[in-house]
Amino acid sequence: MIRVDRVNMTCVNTICDHVPMDTMGERLRYAREKAGFPSAMAAAKRFGWPTSTYAAHENGQNLIPVDTVKIYARTFKVSAGWLLAREGEVNRSNMVKVAGLVGAGGTIDTSVENLGHEGLDEIELPFSLPEEAIAYRINGDSMWPRYDDGDVIVVFTRPYAISEMLNVPEALVTTADGSRYLKRIVEGSRKDHYDLMSHNAPPMHNVRLQSVAGVHAVVRRGSWRALSNSKKAKQLQQQIKKAKPA
């Protein structure tokens, strides 16, 4: 019979529950796994890094240059200070996914976006955000002077009731036919229909809505920084140039 006392059991549980992250390589491995990449090779192939170089960084065989640490931190959405010297919080909270474009002049047909899990792009903002935040890039000028083409709005993914978004200055609106706009919502003349108002475009009358969301923040064009060189944004903007003004 093998006897295991409570003291030993407590020690075993403690070791299992707390992964050691005393070295930069261990923290890098943790960040990579937390970002959803099961292996060093998977991450290296996804981002075009030399596999042997990245693996050596994780294994602690080679020192990691500071500039490279910053790249890894941005990629895996962790704090560069934590990754470099275990300073501060692990998570980097000023990065947000751009889920798509929102029309402020042209219709955004959400059915043709096909952006997948990665979204349109990923950007760095000058302030922190909660995890439920998501961003949309403004396309068009019908909401000028409040918004310019290329500004980014930040919304929360929680469900909103249409009633709580009535008559607010603007809201992110997806119509029943799958088009997305940045508009002010007012009651329509028909039940469960709404008028969508703009500063510099004719109103859209008696529109059925699929979903709405409040605008949490706006980041002016030039105040945010893209973290990826995605071609999706250019392709999508070319698509909607042919759309009719809203």
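Okay, so let's go over this structure. (Residues numbered from 1 in each chain as written. Predicted model: local features only at pLDDT ≥ 70, side-chain atom pairs only at ≥ 80, totals over all residues. Heavy atoms only, no water.)

Brief notes about the side chain of Arg-32
At step 1: Counting through the fold element by element, Arg-32 comes out in helix 2 (residues 24–34).
At step 2: Since its relative accessible area comes to 4%, Arg-32 is described here as buried.
At step 3: Excluding anything up to four places from it in sequence, Arg-32 contacts Phe-37, Pro-38, Ser-39, Ala-40, Ala-43, Tyr-54, Glu-58 and Phe-76. (Helix = DSSP H or I, 4+ residues; strand = E, 2+ residues; numbered from the N terminus. Buried < 20%, exposed > 50% of the residue type's maximum accessible area, 1.4 Å probe, protein only. Contact = heavy atoms within 4.5 Å.)

Some points on helix 2
At step 1: Inspection of helix 2 places Met-24, Gly-25, Arg-27, Leu-28, Ala-31 and Arg-32 among the buried residues, and these make up the whole buried set. When helix 2 is viewed along its axis, its buried side chains cluster within an angular range of 160° and face the same direction. (Arc of directions from axis to C-beta.)

Some points on the environment of Lys-70
At step 1: Counting through the fold element by element, Lys-70 comes out in helix 5 (residues 66–76).
At step 2: Spatially, the C-alpha atom of Lys-70 lies 8.6 Å from that of Leu-84, the residues being 14 residues apart in sequence.

Describing helix 5
At step 1: Looking only at helix 5, the buried set comprises Val-69, Tyr-72, Ala-73, Thr-75 and Phe-76. Along the axis of helix 5, the buried positions cluster into a sector of 165°, meaning they face one direction only.
At step 2: For helix 5, the elements touching its buried residues are helix 2, helix 3 (40–47), helix 4 (51–59) and helix 6 (80–85).
At step 3: Two residues or fewer past helix 5, Lys-77 is found with a positive phi of approximately 60°.

Here we look at the nonpolar core
At step 1: The biggest cluster of nonpolar side chains holds 40 residues, and the ones touching the most others in it are Leu-125, Tyr-136, Ile-153, Ile-185, Leu-196 and Leu-209.
At step 2: Within the residue set of this core, elements represented by two or more residues are strand 1 (95–103), strand 4 (133–139), strand 5 (152–156), strand 6 (171–175), strand 7 (179–187), strand 8 (194–197), strand 9 (204–207) and strand 10 (209–219).
At step 3: Other than its neighbours up to four places away in sequence, Leu-196 contacts Val-173, Thr-175, Tyr-181, Lys-183, Arg-184, Ile-185, Pro-203, Met-204, Val-207 and Leu-209.
At step 4: The next biggest cluster of nonpolar side chains, apart from the first, holds 18 residues, and it includes Phe-37, Ala-43, Val-78 and Trp-82. (Core = buried A, V, L, I, M, F, W, Y, C linked by side-chain atoms within 4.5 Å.)

Description of the packing of helix 3 against helix 4
At step 1: Across the interface, helix 3 lies against helix 4 with an axial gap of 9 Å and an inter-helix angle of 135°. In terms of orientation, helix 3 lies oblique with respect to helix 4. The crossing of helix 3 and helix 4 is right-handed. Across the interface between the two elements, Ala-40, Met-41 and Ala-44 of helix 3 pack against Thr-51, Tyr-54 and Glu-58 of helix 4. (Axes fitted to C-alpha atoms, helices over the stretch in contact; angles between N-to-C directions. Parallel < 35°, antiparallel > 145°, perpendicular 65-115°, else oblique. Left-handed = near helix turned anticlockwise from the far one by under 90°.)

Here we look at the pattern of salt bridges
At step 1: On inspection of all chains with the given rule, the structure shows 7 salt bridges.
At step 2: With a closest N to O distance of 2.7 Å, Asp-151 and Arg-220 form a salt bridge. In this pair, Asp-151 is assigned in the loop between strand 4 and strand 5 and Arg-220 in the loop between strand 10 and strand 11 (225–226), connecting sequence segments 69 residues apart.
At step 3: Judged by relative accessible area, which is 35%, Arg-220 ranks as partly exposed.
At step 4: Members of the salt-bridge network, linked through shared partners, are Arg-29, Arg-32, Glu-33 and Glu-58. (Salt bridge = Lys/Arg side-chain N within 4 Å of Asp/Glu carboxyl O.)

What to know about unusual backbone geometry
At step 1: At Asp-192, a residue that is not glycine, the phi angle is positive and equals roughly 60°.
At step 2: Within the fold, Asp-192 resides in the loop between strand 7 and strand 8.
At step 3: Accessibility expressed as a relative area gives 44% for Asp-192, which makes it partly exposed.
At step 4: Of note in the backbone geometry, Asn-206 takes a positive phi value of approximately 50° without being a glycine.

Some remarks on the side chain of Lys-183
At step 1: Within the fold, Lys-183 resides in strand 7.
At step 2: Look at Lys-183 and you get buried, because its relative accessible area is 0%.
At step 3: Polar side-chain contacts of Lys-183 include one of 2.5 Å to the side chain of Ser-198. (Polar contact = N/O pair within 3.5 Å; in protein donor to acceptor, adjacent residues only side chain to side chain.)

What to know about the packing of aromatic side chains
At step 1: All told, the structure shown has 10 aromatic pairs when counted by the stated rule.
At step 2: Between Trp-49 and Tyr-72, the aromatic rings sit 4.9 Å apart at their centres with planes inclined by 65°, giving edge-to-face as the arrangement. Of this pair, Trp-49 sits in the loop between helix 3 and helix 4 while Tyr-72 sits in helix 5, and the two are 23 residues apart along the sequence. The burial state of Trp-49 is the same as that of Tyr-72; both residues are buried.
At step 3: Taken together, a centroid distance of 5.2 Å and an interplanar angle of 85° make the contact between Tyr-54 and Tyr-72 edge-to-face. Of this pair, Tyr-54 sits in helix 4 while Tyr-72 is found in helix 5, placing the two residues 18 residues apart along the sequence.
At step 4: For Tyr-54, a relative accessible area of 0% translates into the label buried. (Phe/Tyr/Trp six-rings, centres within 6.5 Å; stacked < 30°, edge-to-face > 60°.)

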